[in-house]
Amino acid sequence: MITAAQLRAARALLGIDQRTLAEMAGVSLPTIQRMEASKGNVRGVVDTLTKIIEALDAAGIELIGNEQPSQGRGRGVRLKEPA
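Predicted model only: the values in this text are computed from it and were never measured.

Cut-offs and rules
Residues numbered from 1 in each chain as written. Predicted model: local features only at pLDDT ≥ 70, side-chain atom pairs only at ≥ 80, totals over all residues. Heavy atoms only, no water. Core = buried A, V, L, I, M, F, W, Y, C linked by side-chain atoms within 4.5 Å. Buried < 20%, exposed > 50% of the residue type's maximum accessible area, 1.4 Å probe, protein only. Helix = DSSP H or I, 4+ residues; strand = E, 2+ residues; numbered from the N terminus. Contact = heavy atoms within 4.5 Å. Arc of directions from axis to C-beta.

S.K.: So, the nonpolar core: which residues are in play, and what are the values?
M.R.: Counting 17 residues, the largest nonpolar core has L7, I52 and L56 as the members making the most contacts within it. Elements with a contribution of two residues or more to this core: α1 (4-14), α2 (18-25), α3 (29-37) and α4 (46-58). Among the elements that line this core, the one with the most residues is α4, at 4 residues. Every residue in contact with L7, bar those within four places of it in the chain, is listed here: I2, L21, M35, E36, I52 and L56.

S.K.: Let's hear about the environment of I16: which residues, and what values?
M.R.: With respect to the helices, strands and loops of the structure, I16 is situated in the loop between α1 and α2. Judged by its relative accessible area of 18%, I16 falls in the buried class. The contact partners of I16, leaving out residues within four places of it in the chain, are R11, L21 and M24.

S.K.: Describe α3, naming the residues involved and giving the relevant values.
M.R.: For α3, every residue scored as buried is listed here: L29, T31, I32, M35 and E36. Looking straight down α3, one finds that the buried residues subtend no more than 160° of arc, so they occupy a single side. Within α3, the exposed residues directed more than 90 degrees away from the buried face are P30 and A37. Packed against the buried residues of α3 are α1, α2 and α4.

S.K.: Kindly report on the environment of K51, identifying the contributing residues and their values.
M.R.: By the element assignment, K51 lies in helix α4. Through-space distance from the C-alpha of K51 to that of V27 is 7.8 Å; in sequence the pair is 24 residues apart. Discounting chain neighbours no more than four positions away, the residues touching K51 are A25, G26 and V27.

In structure tokens:
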């Protein structure tokens with residue numbers, strides 16, 4: 001799963017806007033807007049989510065799930081557990 005916050009953070013790391021991500025993934029701009037506006041996990045058609053994740057991966061973004069170690073080296077984004 002990918003959260004709306006992860007999606008926004010991934011775009012920020014790449015320095016791209018929503019339109020560019022939509023073009024990279026081959027999905028519509030309103031789809032990206034809707035996903036980023038959602039609360040918690042992004043919901044959508046599995047094929048659409050797959051396209052977005054694959055586009056981010058091809059651009060060098062590693063999505064790190066909860067309790068999952070990072071596979072690579074370099075910078076990343078992860079939220080801390082609430083205290």
